[in-house]
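Tertiary structure, described
This is what each chain is made of:
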Amino acid sequence: MSSDDEPVKTICPYCGVGCGIKVNPGEEPGDMRFMPWGDAPVNEGRVCIKGGAATEVVDHEDRLTDPLIKEDGEFREASWAEAYDLVVGELERIREEYEPDAMGFFGSSKTMNEENYLLQKLARRYGTNNVDNCTRMCHASTVWALRTSLGAGAMTNSMADLREAADVFWIQGANPGEQHPIANSVYFRQAVNEGATVIQVDPHANKTTRSFKIDETDRHVHLQLEPGTDIPLLNVVLKTVLENGWVDEEFVAERTEGFDHLEETLADFDKAAAAEECGVPLEDIEAAAETYATAENAAIFTGMGMSQHTCGVDNVQNEINLALVTGNLGRPGTGVNPLRGQNNVQGTCDVGAMPNVLPGYQLVDDDEARESVEDVWGFEVPDEPGLTNVEISHEAGESIHGLYIMGENPVMSEPDGNRVEERLQELEFIVAQDIFMTETAKYADVVLPATTWAERGGTVTNTDRRVQLMRPVEKVHENTKHDLDILTEVGTRLFGDPFDFADVEAVFEELRQVCPSYHGMTYDALDEAGIQWPCYEPGDEGDQYLYEDGFETDSGLGQIEGVRHQEPEETPDEEYPLILTTARLEEHYNTGTMSRRSPTLKRQYPGNFVDVHPNDAERYGIEDGQEIRLESRRGEITVEAHVTEDIKEGSVWTTPHFAAASANRLTNDVLDERAKIPEYKAAAAEIEVDIEPTDAAPADD
């Protein structure tokens, strides 16, 4: 391409908002420049700091450019033919020597729908449902609760209708000001400017707090609860709604079931004691309950602060309870709306890269649904759910002997990272398909160099269910391959015709046949605006909001279910007297594989830090900016202390982005028993102050 070529319209590769951007090709491959897309359908031309810096990593010096095979503990370059032979040979060996369930497959929220669709199809043709993706670490409990109680594991509404119609935003465990800044500025803040009220429920004051100036006005409120007390707080809200007659009785009678169970659960519930446990004045919670319940249209936003607990499903269920009893579902400006953290985490789940569902969230143990997919694929699919990614890691060296990892970095993303590293070394074979030598790829036996987001096309699905086209600019390194091409080659060598596709659009055409909510979509129809699922038939324009006429449950009714408080698995004690909670930064992204290599983003936050309350800092003798050691039962990291009242006394807060000091060296890998999501948001911790200062933070690989 020459510099005279037109800029390419595509989608930002970072968070789940789905912002449209333009990329201008330069004189040389890889010399790409970001340009704003003024009339982009989601972001209306605005981008955050990550979107503006997205092209900086496309031609980074760390890019993998040739296949690598490990011999005697060291990598050497190999041909694609040799790499494919080894991958296919090892997959065949493990299948024959053990069984299909001895392999695990990891999809990626940083790759396209078509690529994840092919990966999960490959796993199922191999004979296993052991396929998962990073939603397990983010919103698995949200997906579980929404799917079982309402019908679909996604936002019930859209950013557009929420901006236009919501009167109250109940934001619990989510931080759109930090993690979804364009959704926050283009949609939510505009609604607030026009009169909407914000109720923020979060242990940590953050950019959302400051964005809406919550602490500077009586109109908004920040309920700064103790970590892990979301259920008691919501039960106070629900009991207040019931006591004051704010229940939408007609909606409850006609469109829900289970209300009696909620009443029974709350019959002896002590609001005052619960408020004390939450660390929030009872009158503040009651006032927030009135604001939400008496609004014309009230919307709930939920995030990983709710989902990443052993009681994550119950946390989200209680939000659903609140929406159902007040009738805040099925119309614009309402609903329960998870804000998804990665560019295609919604789509990766939609297309079936999970152990218990096929494309379109059809259960693998539903005979009718499974057989309809088998008719298209031409082979049988295992009828029992497989292992989740954390369960696969737990079984490494036991029942699991091999891993196929596409674009994931479990050493950084899974909890108890030190143990994850140990387990990976117990596997007989790992193939890592990625753009950089990640902390996980170092343990692989074969590394396959893939292309970046700017080099290939396909579809991604954003946080409010909008399926959009990503368009390729140009290929940078000649000997890299698109993820789709790698998967079709591996699949064809193993199993023949089911993986023989002419191009990425042909894969999407097959996906449409087995995913009812995508059935009406085509590449031509997606065009530049995209389509929000469900889109059942060609010509459908998709739905901005769900459940106008009914819920997609077995009974057609929304499911209300009372829930009771469950403490985090670890609580503070004499040895570890603090509670550690974690979250992300606007300037970085997930495991940092891309964002830590962006000069613009790394300048903002070159290393990790921990927020410490002033009273705790005084007790430990910590000065602002001092290096300390943060410890848990699983590991330790050295970080800079930020002394701030943003965090509650007795709690500390840090991030998972930095390999040199990742929070996930400390986090607990105990799981929610249904959704199997780890408890990232609560772990017992301690601070060690008298440590040797480091000269400089080591460079991240």
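**Structural notes on the pairing of strand β5 (residues 74–77)**
Remember that side chains alternate between the two faces of the sheet whenever the strand is regular. Of the strand pairs in this sheet, strand β4 (residues 68–71) and β5 are connected by four bridges, and their pairing is antiparallel. Note that in β5 the partner of K70 across the bridge is F75.

**A few points about the sheet that holds strand β21 (residues 531–532)**
Taken in spatial order, the three strands make up an open sheet running β19-β20-β21, and their pairing is antiparallel. The strands lining the two open edges of the sheet, one partner per strand, are β19 (458–461) and β21. As defined by bridge partners, strand β20 (residues 466–470) adjoins β21 across two bridges and the pair is classed as antiparallel. Within β21, the position partnered with R466 by the bridge is Q532. Here helix α3 (residues 113–126) sits on the sheet in contact with β19 and β20, set at roughly 90° to β19.

**Here's the deal with the pattern of salt bridges**
Pairing between side chains of opposite charge can happen when the charged atoms of each approach one another. Per the stated rule, a full pass over the model turns up 38 salt bridges. Note that E528 and K9 form a salt bridge whose closest N and O atoms lie 3.1 Å from each other. Taken together, the residues E528 in the loop between α24 (523–526) and β21 and K9 in strand β1 (residues 8–11) connect sequence positions 519 residues apart. According to the relative accessible area criterion, E528 is partly exposed, its value standing at 33%. Using a relative accessible area of 21% as the deciding quantity, one classes K9 as partly exposed. For the salt bridge of R423 with D669, the shortest nitrogen-to-oxygen distance reads 3.8 Å. Note that R423 is positioned in helix α21 (residues 417–424) and D669 in strand β28 (residues 668–671), a separation of 246 residues in sequence.

**Details of helix α10 (residues 230–243)**
With 14 residues, α10 extends 20 Å from end C-alpha to end C-alpha; this agrees with the ideal 20 Å at 1.5 Å per step. Across the 14 residues of α10, twelve count as buried, placing the element largely inside the fold. Of all the positions in α10, only D230, I231, P232, L233, L234, N235, V236, V237, L238, K239, T240 and V241 are classed as buried. Two residues or fewer past α10, G245 is found with a positive phi of approximately 70°.

The rules behind the values
- Note on numbering: residues in each chain are counted from 1, in written sequence order.
- Totals for whole chains, interfaces and linings use every residue, but because this is a predicted model, local features are given only for residues with pLDDT of at least 70 and side-chain atom pairs only at 80 or more, for both listing and counting.
- Hydrogen atoms and water are omitted, and side-chain values are computed over all heavy atoms in the structure.
- Two strands are counted as paired when DSSP detects at least two bridges linking them.
- Counting from the N terminus, the helices are DSSP H or I runs at least four residues long and the strands are E runs at least two residues long.
- In this description, contact between two residues means that some pair of their heavy atoms is separated by no more than 4.5 Å.
- Helix axes are fitted to C-alpha atoms over the stretch in contact, other axes to C-alpha atoms as well, and angles between N-to-C directions run from 0 to 180 degrees.
- The term salt bridge refers to a side-chain nitrogen of Lys or Arg lying within 4 Å of a carboxyl oxygen of Asp or Glu.
- A 1.4 Å probe rolled over the protein chains alone gives each residue an accessible area, and that area as a share of the maximum for its type sets the label: buried under 20%, exposed over 50%, partly exposed in between.
- An expected span of 1.5 Å times one less than the residue number is assigned to each helix.

This is a description of form; function is not addressed.
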